[in-house]
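# Working through the structure, step by step
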Amino acid sequence: MKNIYIIGVGLIGGSLAIDIKKNNPDMIIHGISRKDATLETALSLNLIDKKATLDDIKHADLVIVSIPVDATVKLLPTILDKISDNGLVVDAGSTKVDICKVVENHPKRRNFLAMHPIAGTEHSGPSAAIPNLFVGKTNIICEVEKTTFKLQEKALKLFTDIGMRIRYMNPEAHDKHIAYMSHLSHISSFMLGKTVIEKEKNERDIFDMAGSGFASTVRLAKSSPEMWTPIFKQNKTNVIETLEEYITNLTHFKELMKQDDFDAIFNEMKDTNYIKDILNGIS
């Protein structure tokens, strides 16, 4: 692979550009964006080597689509229309069902690899890109059997070389599991932030009391609404299911408080401490 085109040079696209270029200095990274200012910033930060347009994709060995998932669904068929027979398109979307479905009958479906690199921060834009973001992180690959073997082989080597673990999953299972492991935590963070902000209107000094626990819990509320609203929309059914279960647990906790049943509260927290063992080793 020589010519890499990244559509959406933000946190994920930009961080991929950094690590791919570090491992493959001869590769040429081209950036594509709706906003020229984004590409200018990406150039100034040395995330990309050149600016490009969608019409240039015919020259691509690899196209990485790292834009909001609703935009990916709209744009992906056009990107596949333009890719050469020897080029590969991958996406980095946090939902997979709608993205896979929109190209399921595309003549160049075998030139597409659906993936979700599970990594990130609460920041966005080219300036948020950082090196080594993907070291030790999992890259979920969906419907790998629908991608030409030689192309998927090259892409997977590229991503394992930057430190990613590869896991295979069907799109439906991916969207269901990611609703619990990622989407719910973002909603929880947004709503905690909303609750505290609304309270702060009447108690101006509340943020003086905010410690590291609050900061870490509400960190995800700084995430981009432009990116997360389409994710919630595409994964609506699974997200609602996770919310119903979460609300049930919150309501149960509240009832235990009302009943002064602090032994039960202790036991619930003690049982949940097991999550330390589950998460052990995850950076």
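Residues numbered from 1 in each chain as written. Predicted model: local features only at pLDDT ≥ 70, side-chain atom pairs only at ≥ 80, totals over all residues. Heavy atoms only, no water.

## Section: the sheet that holds strand β3 (residues 50–51)
Rule in force here: A pair of strands counts as paired when DSSP detects no fewer than two bridges linking them. Put simply, DSSP marks the helices as runs of H or I at least four residues long and the strands as runs of E at least two long, and each gets a number from the N terminus on. Every residue pair with non-hydrogen atoms within 4.5 Å of one another is taken to be in contact. Axis lines are fitted through C-alpha atoms, for helices just across the contact stretch, and the angle between N-to-C directions can take any value from 0 to 180 degrees.
Read from one edge of the open sheet, eight strands run β3-β2-β1-β4-β5-β6-β7-β8, paired in mixed fashion. This sheet does not close on itself; its edge strands, each paired only once, are β3 and β8 (165–169). In this structure, strand β1 (residues 3–7) lies alongside strand β2 (residues 28–32), joined through five bridges in parallel fashion. Directly across from N3, in β2, lies its bridge partner I28. Helix α1 (residues 11–23) contacts β1, β2, β4 (62–65) and β6 (112–118) of the sheet and is inclined by roughly 170° relative to β2.

## Examining the nonpolar core
Operational definition: As used in this record, nonpolar core signifies buried Ala, Val, Leu, Ile, Met, Phe, Trp, Tyr and Cys residues forming a set joined through side-chain atoms within 4.5 Å. Buried, partly exposed and exposed residues are distinguished by accessible area as a fraction of the type maximum, computed with a 1.4 Å probe on protein chains only: under 20%, between the cut-offs, and over 50%, respectively.
Core analysis: the biggest nonpolar cluster contains 34 residues, and L16, I64, V90 and L113 have the highest contact counts within it. Elements supplying a minimum of two residues to this core: β1, α1, α2 (36–44), β4, β5 (88–91), β6 and α5 (149–161). Apart from residues lying up to four places away in sequence, V90 is in contact with L62, V63, I64, V65, F112, L113, M115 and F159. Within the second largest apolar cluster, 25 residues are counted, among which are I32, V63, V69 and I231.

## Comments concerning a nonpolar patch on the surface
Applied cut-off: Candidate patch residues must exceed 30% relative accessible area and have no salt bridge, after which like charges are joined if within 9 Å and Val, Leu, Ile, Met, Phe, Trp or Tyr side chains if within 5 Å. Using a 1.4 Å probe, the Shrake-Rupley method yields the accessible areas, and only the shown protein chains count as cover for residues. The salt bridge definition used is simple: a Lys or Arg side-chain nitrogen within 4 Å of an Asp or Glu carboxyl oxygen.
Taken together, the side chains of F253, M257, F262 and M269 present a nonpolar region at the surface, about 380 Å² in accessible area. Broken down by secondary-structure element, the contributors of at least two residues to the nonpolar patch are α9 (236–258) and α10 (262–272). Along the chain, F262 turns up in helix α10.

## A word on the pairing of β2
Put simply, the rule reads: Crossovers are marked right-handed if the path from the first strand over the helix to the second runs clockwise, as seen with the strands pointing away from the viewer.
The buried fraction of β2 is high, at four of five residues. With respect to chirality, the unit in which β1 leads through α1 into the neighbouring parallel β2 is right-handed. Where β2 meets β3, two bridges bridge the pair, whose relative direction is parallel. Looking at the pairing, H30 lines up with K50 of β3. Between the parallel pair β2 and β3, the chain is carried across by α2, and the sense of this crossover is right-handed.

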